[in-house]
Amino acid sequence: AVTMGSLMRRRPDSTPDEFAGHWTTRHAPLALRRHVGLADYHQFVVEEALVPGGPEIDGVAVLGFPTRTDFDTRFFDSDEGREEIMADVARFMDRPGPETTLVGPPGSAGMPG
């Protein structure tokens, strides 16, 4: 299995409640429909920072795929699906930053051994 984890930040012009509402009720069904290679999808809304002075994070997304090939070739169902996801993402969040990472078992394609 391969997992992509992303720290999410809301758009600066939105509130935490607006971010969480859109992400969980509008984006989640779209993601489940368009990310056809998904085996597992979790959203964690951050309600309170536990580390003073840490980065402002509004959510954590964890997307699981059965294999690296599924991640590489089945992340989106189509070019139209990619466009729809990206347009929706722009409605409620800042683009994912460098805090997005891909992890998997050692030695799997593209993963350190």
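Here the structure is shown first, and the text comes after it.
Note that the coordinates shown come from a computational prediction; the quantities given were computed from them, not determined experimentally.

Our focus in this paragraph is the nonpolar core. Counting 20 residues, the largest nonpolar core has Phe19, Trp23, Tyr41, Leu63 and Phe75 as its most contacted members. For this core, the elements supplying multiple residues, two or more each, are strand E1 (2-8), helix H1 (16-34), strand E3 (59-65) and helix H3 (79-92). If you tally residues by element for this core, the top one is H1, at 6 residues.

Right, let's talk about H3 for a bit. Under the 1.5 Å per step criterion, the end-to-end length of H3 is 21 Å for 14 residues, consistent within 8% with the ideal 20 Å. For H3, the full list of buried residues reads Gly81, Ile85, Asp88, Val89 and Phe92. Along H3, the residues classed as buried sweep out an arc of 105 degrees about the axis, all on the same side. H3 presents Asp79, Glu80 and Glu83 as exposed residues on the side facing more than 90 degrees away from its buried surface.

Quick look at the pattern of salt bridges now. What the rule picks out here adds up to 10 salt bridges. The partner of Arg10 in a salt bridge is Asp58, with the nearest N and O atoms 3.2 Å apart. Of the two residues, Arg10 sits in the loop between E1 and H1 while Asp58 sits in the loop between strand E2 (40-45) and E3, which places them 48 residues apart along the sequence. Overall, Asp58 belongs to the buried group, its relative accessible area being 13%. When the shortest N-O distance is used, the salt bridge between Asp77 and Arg34 registers 2.8 Å. Placement of Asp77 in the loop between helix H2 (68-74) and H3 and of Arg34 in helix H1 is noted, with a sequence separation of 43 residues between them. Through salt bridges with shared partners, a single network forms among Arg33, Arg34, Asp77, Glu80 and Glu84.

A word on the packing of aromatic side chains. In total, this model carries 6 aromatic pairs according to the counting rule given. Residues Phe19 and Phe92 carry aromatic rings whose centres are separated by 5.7 Å and whose planes lie at 40 degrees to one another, so their mutual orientation is tilted. Here the residue Phe19 occupies a position in helix H1, and Phe92 occupies one in helix H3, the gap between them amounting to 73 residues. We note that Phe19, like Phe92, is buried. Chaining the aromatic ring pairs together yields one cluster made of Phe65, Phe71, Phe75 and Phe76.

Here is what the cut-offs are and how they apply
- Residues numbered from 1 in each chain as written.
- Predicted model: local features only at pLDDT ≥ 70, side-chain atom pairs only at ≥ 80, totals over all residues.
- Heavy atoms only, no water.
- Core = buried A, V, L, I, M, F, W, Y, C linked by side-chain atoms within 4.5 Å.
- Buried < 20%, exposed > 50% of the residue type's maximum accessible area, 1.4 Å probe, protein only.
- Helix = DSSP H or I, 4+ residues; strand = E, 2+ residues; numbered from the N terminus.
- Expected span 1.5 Å × (residues − 1).
- Arc of directions from axis to C-beta.
- Salt bridge = Lys/Arg side-chain N within 4 Å of Asp/Glu carboxyl O.
- Phe/Tyr/Trp six-rings, centres within 6.5 Å; stacked < 30°, edge-to-face > 60°.

Any link to function would need more than the numbers given here.
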